[in-house]
Amino acid sequence: MSEKTEPEVRRILHDHGDMLYRTAYLLLGNSHDVQDALQETMLRYLEKAPAFASQDHEKAWLLRVTANCCKDCLRFRKRHACQDLEPLRECLPARERQHLQELYTLPAKWKAVLILHYFEGYTVKEIGEILGLSENAVKKRLQRAREALRLELEA
């Protein structure tokens, strides 16, 4: 890593590291896979060297790349059956840990919108921009995810 990029990577990890880790952990449920996904995110950042219009644009780009890296990891897991969810570490507040197992059972596309909406506080429009979906698609995924969680919790 050159001298110029090292401070930039440190800044990104300082500003967004907790959010990226939390998001990846909720999508993957395994700290080893999370570390791989975040390393891949930072490699893509270094390779692309994107210019951001604002801090929000940078945050959205990092979230989208992290989500894509997590999807890649999940695809790999599906093809190479070896799944082991370790207990969630203390990266989440207690109220968010309450029904975490039910969240893991959801498909990745539903988990992503739930995490961005409820854990990260993004609006439907912002989630659509981050994930490259229409607002209606985001609303439908949120609706289906809520319904699936409701059914899981009732069972």
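Before reading further, recall that the structure is shown in the block above.
Quick look at the structure, then. (Residues numbered from 1 in each chain as written. Predicted model: local features only at pLDDT ≥ 70, side-chain atom pairs only at ≥ 80, totals over all residues. Heavy atoms only, no water.)

### What about a negative patch on the surface?
Phase 1 of the analysis: Among the surface-exposed residues, Asp56, Glu126, Glu129 and Glu135 lie close enough to one another that they form a single negatively charged patch.
Phase 2 of the analysis: Note on placement: Glu129 falls in helix H7 (residues 124–131).
Phase 3 of the analysis: Given the relative accessible area of 54%, Glu129 is considered exposed. (Patch = residues over 30% accessible without salt bridge, like charges linked within 9 Å, V, L, I, M, F, W, Y side chains within 5 Å. Areas by Shrake-Rupley, 256 points an atom, 1.4 Å probe, with all protein chains shown as cover. Salt bridge = Lys/Arg side-chain N within 4 Å of Asp/Glu carboxyl O. Lys, Arg positive; Asp, Glu negative; His and termini not counted. Charge placed at Lys NZ, Arg CZ, Asp CG, Glu CD. Helix = DSSP H or I, 4+ residues; strand = E, 2+ residues; numbered from the N terminus. Buried < 20%, exposed > 50% of the residue type's maximum accessible area, 1.4 Å probe, protein only.)

### Overview of the pattern of salt bridges
Phase 1 of the analysis: Within this structure, the stated rule accounts for nine salt bridges.
Phase 2 of the analysis: For the salt bridge of Glu40 with Arg44, the shortest nitrogen-to-oxygen distance reads 3.2 Å. In this pair, Glu40 and Arg44 are both assigned in helix H2 (residues 31–48), four residues apart and thus about one turn of the helix distant.
Phase 3 of the analysis: Overall, the relative accessible area of 31% leaves Glu40 in the partly exposed class.
Phase 4 of the analysis: With relative accessibility at 23%, the residue Arg44 sits in the partly exposed group.
Phase 5 of the analysis: Salt bridges here are not isolated pairs; linked through shared partners, they connect Glu8, Arg11, Asp15 and Glu58.

### Describing the packing of aromatic side chains
Phase 1 of the analysis: Evaluated as defined, the whole model comprises four aromatic pairs.
Phase 2 of the analysis: Every member of this aromatic cluster is reached through a ring pair, and the members are Tyr45, Phe52 and Trp61. (Phe/Tyr/Trp six-rings, centres within 6.5 Å; stacked < 30°, edge-to-face > 60°.)

### Looking at the packing of helix H1 (residues 5–28) against H2
For any two helices packed against each other, one specifies the crossing angle of their axes together with the interaxial distance.
Phase 1 of the analysis: Relative orientation of the contacting elements H1 and H2 amounts to 140°, with a least axis distance of 9 Å. The orientation of H1 relative to H2 falls into the category oblique. Here the hand of the crossing between H1 and H2 comes out right-handed. Contacts between H1 and H2 involve Thr5, Glu8, Val9, Ile12, Leu13, Leu20, Tyr21, Ala24, Tyr25 and Leu28 on the former and, on the latter, Ser31, Asp33, Val34, Ala37, Leu38, Met42, Tyr45 and Leu46.
Phase 2 of the analysis: Considered class by class, the residues forming the contact of H1 with H2 number 14 nonpolar, two polar and two charged. (Axes fitted to C-alpha atoms, helices over the stretch in contact; angles between N-to-C directions. Parallel < 35°, antiparallel > 145°, perpendicular 65-115°, else oblique. Left-handed = near helix turned anticlockwise from the far one by under 90°. Contact = heavy atoms within 4.5 Å. Nonpolar A, V, L, I, M, F, W, Y, C, P; charged D, E, K, R; others polar.)

### Thoughts on the environment of Gln39
Phase 1 of the analysis: As for its placement among the helices and strands, Gln39 is situated in helix H2.
Phase 2 of the analysis: Judged by relative accessible area, Gln39 falls into the exposed class, the value being 52%.
Phase 3 of the analysis: Taking the C-alpha atoms as reference points, Gln39 and Thr66, separated by 27 residues in sequence, lie 9.4 Å from one another.

### Brief notes about the nonpolar core
Phase 1 of the analysis: Counting 41 residues, the largest nonpolar core has Leu63, Leu106, Leu114, Leu116, Ile127 and Leu131 as the members making the most contacts within it.
Phase 2 of the analysis: When contributions to this core are tallied by element, the ones reaching two or more residues are H1, H2, helix H3 (55–79), helix H5 (100–104), helix H6 (108–119), H7 and helix H8 (135–154).
Phase 3 of the analysis: With nine residues, the single largest contributor to this core is H1.
Phase 4 of the analysis: Once residues within four sequence positions are removed from consideration, Ile127 is found in contact with Val113, Leu116, His117, Tyr122 and Val138. (Core = buried A, V, L, I, M, F, W, Y, C linked by side-chain atoms within 4.5 Å.)

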